[in-house]
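Fold and contact review
As a plain string of letters, each chain reads:
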Amino acid sequence: MVTDEALSAVFKGHSIDRDNVAHFRGRLERRLLINRCIDCGVWRHPPRPICSSCWSSRLEPTPVAGTGTIHLAIFLHQGPPAEGVDYATPYPVVTVELDEQPGLRFTSSVVGAPNETIAIGRRVRLDWIERAGTPLPVFRLAEGAGQ
Amino acid sequence: MISARNPMKDKVAIAAAATTGFTAQNTERSQLSLGAEACIKAIRACGLTASDTDGICGSAVPAAAMQSALGIPEVTWFANPSIPFGNQIAAAAAAVHAGLAEVVLAYHTPYRLPWNTSGALKDPFRRGGMTMPGAGAVPETVAGVAGYTAWAARYLHEYDARREHFGYVAINDRSNAARNPAAAMRAPLDMDDYLAARMIRWPLSMLDMDVAVDGADAFIITTPERARDMALPPVLIQAVVLGMIDRNEEDQTPGLHRHGQHVVVEALKARSDFWTDGMDLFFPYDGFSFITLAWIESVGLCGPGEAGGFIEANWDQAAKRILIDGHIPVNPHGGSLSEGGSQGSGHVREAVHQLQGLAGERQVEGARTALLTPGGFFFNAQGLTLRRA
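Residues numbered from 1 in each chain as written. Chains lettered and ligands numbered in written order. Predicted model: local features only at pLDDT ≥ 70, side-chain atom pairs only at ≥ 80, totals over all residues. Heavy atoms only, no water.

Residue and element names in this part refer to chain B. Topologically, R44 is positioned in helix α1 (residues 31–45). The class for R44 is exposed, based on a relative accessible area of 65%. Separated by 187 residues in the primary sequence, R44 and A231 have C-alpha atoms spaced 9.2 Å apart. (Helix = DSSP H or I, 4+ residues; strand = E, 2+ residues; numbered from the N terminus. Buried < 20%, exposed > 50% of the residue type's maximum accessible area, 1.4 Å probe, protein only.)

Have a look at this one:
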């Protein structure tokens, strides 16, 4: 069990607080947890302390299927230092619209695919890699799926 | 819910605007030093002294430090809203209208710091300066500086748009800056230069991003009655809007069709006596080139995805700049991309100077109205209508 004290060191570069701590603890178990309202069922990311649709405080950090469609895609020619990222090949950053709910999106990278195949509209699925020993949620292009 | 109510309409004036000019190098000066210089210029331009000021509205430099530096004996209201500069205008105008203060000194001090240029790290007095917490600390995010790049990519995907359309914005700004002695970047720029520029985050390059500068702008904001007794023609604030929607995170915002700009446009239109068909000057924000295309579309000059074609139809080939209907320049001072990244204060200052007839060789003859849209999409879309009294 990682203590609250240690979490910020484990997730360097992220700002961990009471509202998003469950999401980051989920990552340690390779589970991508997104807040879902127990009362009205609406998903919302990033984590907020109440449901913005019905104002319920009963939110459940809930695993998502991890399938979705690339909505935004950019390629970093430079960026912050990170293990395994050298930017010599521009580093893809994608925002994926998750299948759970229209407009519900999660941002990460795509691994295992040449940059020219990473494009808005491509289907992806969640996978996990490690960075400095900490699990990092990423996406892979779904096999054989087009636009 | 968007209200058309605007009891402040034309009841607050900008009496003067002043600048230090901008440079894309680390000066051996503090933000306070640059800010104080601009403030003294603005106060003197009105024919006032320190003791005539009873309100202060600044950005990063605390109002208390500015008051102390300038020896302003007493103030009854002060504030330090966050940038872009529409926030300072809104706060100062509301304070004057409400009677919290009568003569407000407003300022902004764009400064080269680690959050906007790694060049700032060379200066030991800048290293500890403002950084952007949580944004840009890991690569896998579109928060902060990457946000507009991400939606620029979406724009290219959704519409028949090309990178050249972003390039027009950069070239327009550079051509205009050539006529502005306060501008940091004045060397000519053409489309080949634009397309050859170093890519930072595809699809945006160095020339799509505002220039990190040192400098300051300052303004005197007061009642129209007081302004009329001062040295320069008053410019009236017709309406100000700070617009935002609930899904304001960069990766969650609904889409190119729905973000803060649409709130700004609906409210500003409802609260103003003129719109694009009655404007003499247009100042769409250009902290990233793509934001300008979005504002051109949001204010209704053309339809979604059509800004590139709109610019081509309103392009002055000889001057390499936009002239809407052959006479309305766009960011005539050179904007964020070439005058310098002033988070909107340069746009407001140029609008004031144009409406006062003080814009030198950039002067638009007989300019009476200006539409300004500082800021971007997510949590900083703003709108301002100004007119000569």
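Moving on from the coordinates now.
Bringing the nonpolar core into the picture now. Proteins that are soluble and globular tend to have nonpolar side chains buried together. Residue and element names in this part refer to chain B. With 62 residues, the main nonpolar core has F166, F282 and I324 as its most contacted residues. Sorting elements by how many residues they give to this core places helix α4 (residues 147–158) first, with 7 residues. With 34 residues, the next largest nonpolar core counts I89, A90, I221 and V240 among its residues. (Core = buried A, V, L, I, M, F, W, Y, C linked by side-chain atoms within 4.5 Å.)

Put simply, an interface is often sized by how much accessible area is lost when its parts join up. Each partner contributes to the interface: chain A provides 32 residues, whereas chain B provides 28 residues. Of the roughly 2,600 Å² buried at the junction of chain A and chain B (both faces included), carbon and sulfur atoms supply 54%. Among the residues of chain A in contact with chain B, A:L72, A:I74 and A:R105 are the three that bury the most area, contributing 21% of the side total. For the pair chain A and chain B, the interface holds 3 salt bridges. The salt bridge involving B:E249 is made with A:R48; its shortest N-O contact spans 2.6 Å. On the surface where chain A and chain B come into contact, there are 12 residue pairs in polar contact (both at pLDDT 80 or more). If you list the elements that add at least two residues to the side of chain A that touches chain B, you get β4 (67–76), β5 (91–98) and β6 (105–108) of chain A. With 6 residues, the single largest contributor to the side of chain A that touches chain B is β4(A). Class assignment for the residues of the side of chain A that touches chain B results in 15 nonpolar, 12 polar and 5 charged. (Contact = heavy atoms within 4.5 Å. Buried area = accessible area lost by both parts, 1.4 Å probe. Salt bridge = Lys/Arg side-chain N within 4 Å of Asp/Glu carboxyl O. Polar contact = N/O pair within 3.5 Å; in protein donor to acceptor, adjacent residues only side chain to side chain. Nonpolar A, V, L, I, M, F, W, Y, C, P; charged D, E, K, R; others polar.)

Residues and elements named next belong to chain A. By domain assignment, chain A separates into domain 1 (4–63) and domain 2 (67–141). Each of domain 1 and domain 2 has a C-alpha centre, and these two points are 20 Å apart. With 14 residues of domain 1 in contact, the opposing surface of domain 2 contributes 14 residues. Roughly 1,200 Å² is buried in total at the junction of domain 1 and domain 2, and carbon and sulfur atoms are behind 69% of that figure. In terms of surface lost to domain 2, no three residues of domain 1 exceed R30, L32 and W43, which account for 54% of the buried area on that side. There are 1 salt bridge connecting domain 1 and domain 2. The closest approach of N and O atoms between E130 and R30, which form a salt bridge, is 3.4 Å. Ranked by residue count, the leading element in the side of domain 1 that touches domain 2 is helix α2 (residues 21–28), at 3 residues. Counted by class, the side of domain 1 that touches domain 2 contains 7 nonpolar, 3 polar and 4 charged residues. (Domains from an automatic or database assignment.)

Right, let's talk about the side chain of B:R201 for a bit. Looking at the secondary structure, you find B:R201 in strand β5 (residues 199–202). Of the side chains with opposite charge, B:D210 comes closest to the buried, unpaired B:R201, at an N-O distance of 9.1 Å. Not counting the four nearest positions on each side in its chain, B:R201 is found in contact with A:F75, A:L76, A:H77, B:V145, B:A146, B:T149 and B:M209. (Lys, Arg positive; Asp, Glu negative; His and termini not counted.)

Glancing now at the packing of aromatic side chains. All names here are of chain B. On inspection of all chains with the given rule, the structure shows 16 aromatic pairs over all chains. Considering the side-chain rings of Y148 and F378, the 4.9 Å spacing of their centres and the 35° angle between planes classify their relative orientation as tilted. Here Y148 is found in helix α4, whereas its partner F378 is found in the loop between β13 (369–373) and β14 (381–388), with 230 residues between them in sequence. By relative accessible area, which is 8% here, Y148 ends up buried. On the accessibility criterion, F378 (1% relative accessible area) is buried. Put simply, the rings of Y148, Y155, Y159, F166, F288, F290, F377, F378 and F379 pair up and form one aromatic cluster. Here the basic side chain of R126 rests over the ring of Y111, its NZ or CZ set 4.1 Å away from the ring centre. (Phe/Tyr/Trp six-rings, centres within 6.5 Å; stacked < 30°, edge-to-face > 60°. Lys NZ or Arg CZ within 6 Å of the ring centre and 35° of its normal.)

Residues and elements named next belong to chain B. Strand order across the open sheet formed by 3 strands is β10-β11-β12, with antiparallel pairing between neighbours. Among the strands making up the open sheet, the edge pair consists of β10 (315–316) and β12 (328–329). The pairing of β10 with strand β11 (residues 321–324) spans 2 bridges and is antiparallel. By the bridge assignment, W315 is partnered in β11 with I322. Sheet contacts for helix α5 (residues 163–177): β10 and β11; angle to β11, the most-contacted strand, approximately 90°. (Pairing = 2+ DSSP bridges. Axes fitted to C-alpha atoms, helices over the stretch in contact; angles between N-to-C directions.)

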